[in-house]
Amino acid sequence: MDHAPIRKTVIVGGGTAGWMTAAALSKILQGNVGAIELVESEQIGTIGVGEATIPQIATFNRTLGIDENEFVRATKGTFKLGIEFVNWGQKGDRYIHPFGPYGLDMEGVSFHAYFLKHHGKAYDRQTPEQYSLQAMAARQAKFMRPVNAGNSPLSKIAYAFHFDAGLYAKFLREFSEKRGVKRTEGKVVGVNQVAETGFIRSITLEDGREIDGDLFIDCTGFRGLLIEQTLKAGYNHWKHWLPCDRAAAVACTKTSPLLSYTRSTAHEFGWQWRIPLQHRTGNGMVYASDHVADDVAVERLLSCLDGEAIGDPRLLQFETGHRRKFWDKNCVAIGLSAGFLEPLESTSIHLIQSGISKLLQMFPDRHFRQADIDRYNRVTTFEYERVRDFIILHYNATQRDDSDFWNYVRTMQIPDYLQDKIDLFRSYGRVFRENEELFNDTSWFAVMIGQNIRPEGYDAVADVLSPEETARRLNEIRAVIAKSADHMPLQSDFIAQTCAAEELNPVAG
Ligand code: FAD
């Protein structure tokens, strides 16, 4: 068989996407599949936001062999057990979308079915939280890693991180350079293609240097220097479903207690994030420019901070959607160059990770077989669309009618796939994870219940347990979870003992 391995991979861009890609390729390919060079420009800089993640990031770090305490210390990170949504269903509502499952499945029947059977219609948005250790611990600002404790929920604690994305990129740069990645500082001013095929042959830097390669990874952020400006991959726009197109971001001084969850608070024209780090709190307002002026959004952000603002807010613009081709010819777009979904469920860094993992599954040789490229594009499109639907759910499943913004998202036509999910849930509370979509049935359940979608009945299979037995078991689950949460330390104590950033460590100090 004609084997033509990649001799050199060029990664253009050194934000979170560029350095995550460099780190993963250098670790997994171990220098056996050509050289890796990363080109970045300090003059252009990075987007510099992106602080909340989902649990899969821990797998990424583990695959790289990164010590978790070292990573949290280096990025001034904290632990995240879920997201609290405030004012989303109606003003005054609050619920947590926790990581990890609620309760446990019994007799082969999902916990959700028993929940709906037992509580009938007599539950509120926070009732499910009593069945989730992550939610109960988050409410009390607690955290610990899972321990070996048999069937106890303490052995299955699911968590992610909040961290400074700029420090993460720096951490991964060091990691990658140690594994042979060559970093080149310079601004790319030209992308050179092979005339007959349109494949990328090389890039030209401002000072005239030319860097050639076989495989090019476009990590240049929103501009998509290679994938769009050169290869014209095209873009699927989703503004009609997700009208937010701007963000203002600002950090503020940290507050106590150190919370172990992200908060997302809805406003009349968008929503605000709050992400606690060890040394500060990250904040931002995501908003729809068709519905509010920048200065009003910024003023609202500044008036809703928990601490003193650090510096001035940064304004960012984005277009929700994705490239029609994530991979075209010998160029793969990863990160913001591939597409963007607002950070409501903290998915962007995960989409980077997932792009890298799919690239490794279908790592090309110099033949760049179209079947591999097509599969990559197909599965990545599916992934983006399903995350999109989950995010749309938060907007569409609202009862708010206090602004044009909410009236629009509440009444808009939603994608058929999402409508089917909602219809299924409305009938007997059934939720399914389809194929390899990112969010599982627990996540769909959390948001649908949290935003007041009420099933008309419960799934009949839950009758395998009598009402009395169901009540007994659910009471027991609640008691075990409450006791487990009591047992957990405050996250601030946990961090002080294990992974406080050096200058912040009261234990070491
Ligand atoms: P960038 O950070 O923009 O990096 C681009 C790189 O390309 C830079 O190194 C730049 O120097 C280089 N470059 C560009 N042009 C050239 C050129 N001509 N020559 C040389 N180099 C060049 N994600 C999450 O997971 N969680 C969150 O909570 C979250 N919040 C977000 C909030 C907002 C408002 C936004 C906009 C994004 C958020 N994200 C979040 C997404 C996250 O910030 C990005 O996915 C992540 O930072 C990756 O960015 P990137 O590396 O693709 O692009």
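Scroll up to find the structure.
What you see is a predicted model, and the numbers here were worked out from it, not measured in a lab. (Residues numbered from 1 in each chain as written. Predicted model: local features only at pLDDT ≥ 70, side-chain atom pairs only at ≥ 80, totals over all residues. Heavy atoms only, no water.)

### Brief notes about the overall build of the protein chain
Helices and strands together make up the secondary structure of the protein chain, namely 14 helices and 21 strands. A globule of 509 residues ought to have a C-alpha radius of gyration of about 23 Å, and the protein chain, at 23 Å, matches this closely. Seen through its principal axes, the protein chain has C-alpha atoms that stretch 75 × 55 × 55 Å. When burial is assessed residue by residue, the protein chain has 58% of its 509 residues classed as buried. Long-range contacts, defined as pairs at least 24 residues apart, comprise 77% of the intrachain contacts of the protein chain with a sequence gap of at least 6. Taken as a whole, the protein chain presents about 20,900 Å² of accessible surface, with 48% of it coming from carbon and sulfur. When the 57 basic and 65 acidic side-chain charges of the protein chain are each reduced to a single mean position, those positions are 2 Å apart. (Helix = DSSP H or I, 4+ residues; strand = E, 2+ residues; numbered from the N terminus. Rg over C-alpha atoms; globule rule 2.2 N^0.38 Å. Buried < 20%, exposed > 50% of the residue type's maximum accessible area, 1.4 Å probe, protein only. Contact = heavy atoms within 4.5 Å. Areas by Shrake-Rupley, 256 points an atom, 1.4 Å probe, with all protein chains shown as cover. Lys, Arg positive; Asp, Glu negative; His and termini not counted. Charge placed at Lys NZ, Arg CZ, Asp CG, Glu CD.)

### Thoughts on the side chain of Ser346
The topology assignment puts Ser346 in the loop between strand S21 (339-340) and helix H8 (348-361). By relative accessible area, which is 5% here, Ser346 ends up buried. At 2.8 Å, the side chain of Ser346 forms a polar contact with the side chain of Lys80. Excluding residues within four positions of it along the chain, Ser346 makes contact with Ala52, Thr53, Ile54, Lys80 and Ile83. (Polar contact = N/O pair within 3.5 Å; in protein donor to acceptor, adjacent residues only side chain to side chain.)

### Side note on the pattern of salt bridges
Close approach of charged atoms lets side chains of opposite charge pair. Considering all chains together, one arrives at 35 salt bridges under this definition. Within the structure, one salt-bridge network assembled from shared partners comprises Glu84, Arg94, Glu129, Arg139 and Arg263. (Salt bridge = Lys/Arg side-chain N within 4 Å of Asp/Glu carboxyl O.)

### Examining the sheet that holds strand S16 (residues 281-287)
Reading across the sheet, the seven strands line up as S5-S4-S14-S15-S16-S13-S17 and stay open at both edges, with mixed pairing between neighbours. The two strands at the open ends of the sheet, each matched to only one other strand, are strand S5 (94-98) and strand S17 (309-317). Neighbour-to-neighbour, the strand axes of the sheet open up by a mean angle of 20°, direction not taken into account. On the sheet, helix H7 (residues 294-303) packs against strand S13 (246-252), strand S14 (262-267), strand S15 (270-276), S16 and S17 and is oriented at approximately 150° with respect to S16. (Pairing = 2+ DSSP bridges. Axes fitted to C-alpha atoms, helices over the stretch in contact; angles between N-to-C directions.)

### Some words on the pairing of strand S2 (residues 35-40)
When you tally the buried positions in S2, you get five out of six residues, the bulk of the element. As judged from the five bridges shared by strand S1 (residues 8-12) and S2, these two strands associate in the parallel manner. What sits directly across from Lys8, in S2, is Ala35. Considered for its hand, the β-α-β crossover made up of S1, helix H1 (residues 16-29) and S2 is right-handed. (Right-handed = clockwise from strand over helix to strand, strands pointing away.)

### A short note on the pairing of S5
In terms of burial, S5 is a largely internal element, four of the five residues being buried. Where strand S4 (residues 82-86) meets S5, five bridges bridge the pair, whose relative direction is antiparallel. When the bridges of S5 are listed, Glu84 appears paired with Ile96.

### Things to note about the site of the ligand
Near the ligand lie 34 residues; those nearest to it are Gly14, Val49, Ala52, Val188 and Ile349. Contact distances for the ligand include 3.4 Å between an oxygen atom and a backbone N or O atom of Gly15. Taking Glu51, its main chain carries an N or O atom lying 3.4 Å from an oxygen atom of the ligand. Those elements giving two or more residues to the shell around the ligand turn out to be H1 and H8. It is H8 that provides the largest number of residues to the shell around the ligand, a total of three residues. Residues that form the shell around the ligand fall into these classes: 16 nonpolar, 14 polar and four charged. (Near = heavy atom within 4 Å. Nonpolar A, V, L, I, M, F, W, Y, C, P; charged D, E, K, R; others polar.)

### Focus on the sheet that holds strand S12 (residues 235-237)
A sheet is described by the order of its strands in space; here three strands give the open sequence S12-S18-S21, paired in antiparallel fashion. Strands with a single pairing partner mark the edges of an open sheet, and in this sheet they are S12 and S21. In the sheet, S12 pairs with strand S18 (residues 321-323) via three bridges, with the strands oriented antiparallel. Across the sheet, His237 pairs through a bridge with Gly321, a residue of S18.

### Comments concerning the packing of helix H4 (residues 111-119) against helix H12 (residues 441-450)
For the pair H4 and H12, the least separation of the axes is 11 Å and the interaxial angle reads 25°. In this view, H4 runs roughly parallel relative to H12, as classed from their interaxial angle. Facing H4, whose interface residues are His112, Phe115 and Leu116, H12 presents Asp441, Thr442, Phe445 and Ile449. Looking at the contact of H4 with H12 residue by residue, the class counts come to four nonpolar, two polar and one charged. (Parallel < 35°, antiparallel > 145°, perpendicular 65-115°, else oblique.)

### Observations concerning the nonpolar core
Nonpolar side chains in soluble globular proteins tend to end up buried together. Met20, Phe79, Phe161, Leu172, Ile334, Leu393 and Tyr395 are the most contacted members of the largest nonpolar core, which has 153 residues in total. A per-element tally of this core places helix H9 (residues 370-396) first, with nine residues. What Leu172 contacts, discounting residues up to four positions off in sequence, is Trp19, Met20, Ala23, Leu64 and Ile66. (Core = buried A, V, L, I, M, F, W, Y, C linked by side-chain atoms within 4.5 Å.)

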